[in-house]
Every structure is written in structure tokens, then in C-alpha cells.
Amino acid sequence: MRITGTERETGPDGRPVYLLGVEMAQRYRHAVGSSSPFYIGLEQGVLRATRCAGCGASWFPPRRFCEEDLTETEWYDLPGTGTVVAATRVHSPPPFGGIDPPYILASIRLDGVRGGITHRVIGAQTPERGAAVTVKFIDGAPAHPLLAFAFAIEGASP
């Protein structure tokens, strides 16, 4: 904790009020538990999903248990391709940082799984509905593990 400044104001009752500006930081180590294979996959350059061995249902984002029959799911690698369902240009930074605005977010239906993700698309042009995308892993240490990848429009010039 550190003091960033002081101020004097008048309170609602007319009496003087002394204010301290305080900056506080907290550090956490957060275990992701049964989602660890997903994050390890990101480090290895692979998107992972889960599938029920009993009924074959699959999910992304991954789930530990099948919602159909409550069987524990198994991990598998996705092909890293999908289709844009909707997209927009965002003009404010995300709360965890790591991306400079403006940037493109798209809702993407991933191939090989029930479900999808809303995530960043590389490029200056907002993709059309139905555009094919491929996952691209980013070099370097991201500000958040989910920033380790983005999607690129297939056939778009870099």
C-alpha cells in the first residue's frame, strides 16, 4: 500500500474533511483445477475441448462433467478452425489489458465441438458472418493466458 496524495474538502455538514489517496495492490495464485489441461494446451499451441465418452457430446469451453448423463468428460485437441457467427470492432481496452484498441471481437463456432468462443480476430477489417477462421498462437508472454491466441481470417492478407 502507498499513499498517492492528500486532499482537503468540505463535508456535507460544512466541516473540513481530510482525504488520503491510497493505492493498493494484491497478488494471487489461483489454481485452475480440472481446467489445467486447457491452459497447458494453450502453452503447447493447442485448443482443447472435452467430450463425453458415454454419449459423445462435446464442449468448448470445456466442462468436467457431461450435462446429459453426468459422466466425467475426456480432453481432446480441436483442429483450431471455425466460422464467424457475428463480429464487432471494440474501441476500449479489455479489463485485464494486453490488447490495444481498436480490435476485432467475433463470436466463433469452432469446428469439432458443440459451442464456441467470443475472441479476438487479427486484422483491421471486421469479418463477415460465415467467414472461416484459423487459430493463431501469439509469441511472447501474454497479459492473460487467453491472450495467447487469436483467430485469423482464412485467405486474408497479413
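The structure this text deals with has already been given above.
First, a word on scope: everything that follows refers to the structure included in this document. (Residues numbered from 1 in each chain as written. Predicted model: local features only at pLDDT ≥ 70, side-chain atom pairs only at ≥ 80, totals over all residues. Heavy atoms only, no water.)

Focus on the pattern of salt bridges
Thought 1: Scanning the entire structure with this criterion turns up seven salt bridges.
Thought 2: A salt bridge links Glu-67 to Arg-114; the nearest nitrogen and oxygen atoms lie 3.9 Å apart. Placement of the pair is Glu-67 in the loop between strand E4 (58–59) and strand E5 (73–77) and Arg-114 in the loop between strand E7 (103–110) and strand E8 (116–122), with a sequence separation of 47 residues.
Thought 3: The structure contains a network of salt bridges with shared partners spanning Arg-63, Glu-67, Glu-68 and Arg-114. (Salt bridge = Lys/Arg side-chain N within 4 Å of Asp/Glu carboxyl O. Helix = DSSP H or I, 4+ residues; strand = E, 2+ residues; numbered from the N terminus.)

Looking at the environment of Ser-92
Thought 1: Tracing the backbone through its elements, the reader meets Ser-92 in the loop between strand E6 (81–90) and E7.
Thought 2: Sequence-wise, Ser-92 and Gly-45 are 47 residues apart; in three dimensions their C-alpha atoms are separated by 27 Å.
Thought 3: Setting aside anything within four residues of it in sequence, one finds Ser-92 in contact with Pro-101 and Tyr-103. (Contact = heavy atoms within 4.5 Å.)

Quick word on helix H1 (residues 36–43)
Thought 1: All buried positions along H1 are accounted for by Phe-38, Gly-41 and Leu-42. Buried residues in H1, looked at end-on, bunch into an arc of 100 degrees, giving them a common side.
Thought 2: Tucked into the core, H1 has its buried residues touching strand E3 (48–52), E5, strand E9 (132–137) and strand E10 (149–153).
Thought 3: Where H1 terminates, the next one or two residues include Gly-45, which has phi positive at roughly 80 degrees. (Buried < 20%, exposed > 50% of the residue type's maximum accessible area, 1.4 Å probe, protein only. Arc of directions from axis to C-beta.)

Structural notes on the sheet that holds E3
Thought 1: Taken together, the three strands give an open sheet; going across it, the order is E4-E3-E5, and neighbouring strands pair in antiparallel fashion. In this open sheet, the two edge strands, each paired with only one partner strand, are E4 and E5.
Thought 2: Here five bridges tie E3 to E5, and the two strands are oriented antiparallel to one another. Within E5, the residue paired with Arg-48 across the bridge is Asp-77.
Thought 3: Its contacts with the sheet place H1 against E3 and E5, and it is angled at close to 145 degrees to E3. (Pairing = 2+ DSSP bridges. Axes fitted to C-alpha atoms, helices over the stretch in contact; angles between N-to-C directions.)

With respect to the sheet that holds E7
Thought 1: Read around the closed barrel, five strands run E6-E7-E8-E10-E9, paired in mixed fashion. Strand-to-strand twist of the sheet, defined as the mean angle between neighbouring strand axes without regard to direction, takes the value 50 degrees.
Thought 2: Relative to E10, E9 runs antiparallel, the two sharing five bridges. Opposite Thr-134, over in E10, you have Ala-152 as the bridge partner.

Treat this as a map of the structure, not an account of what it does.
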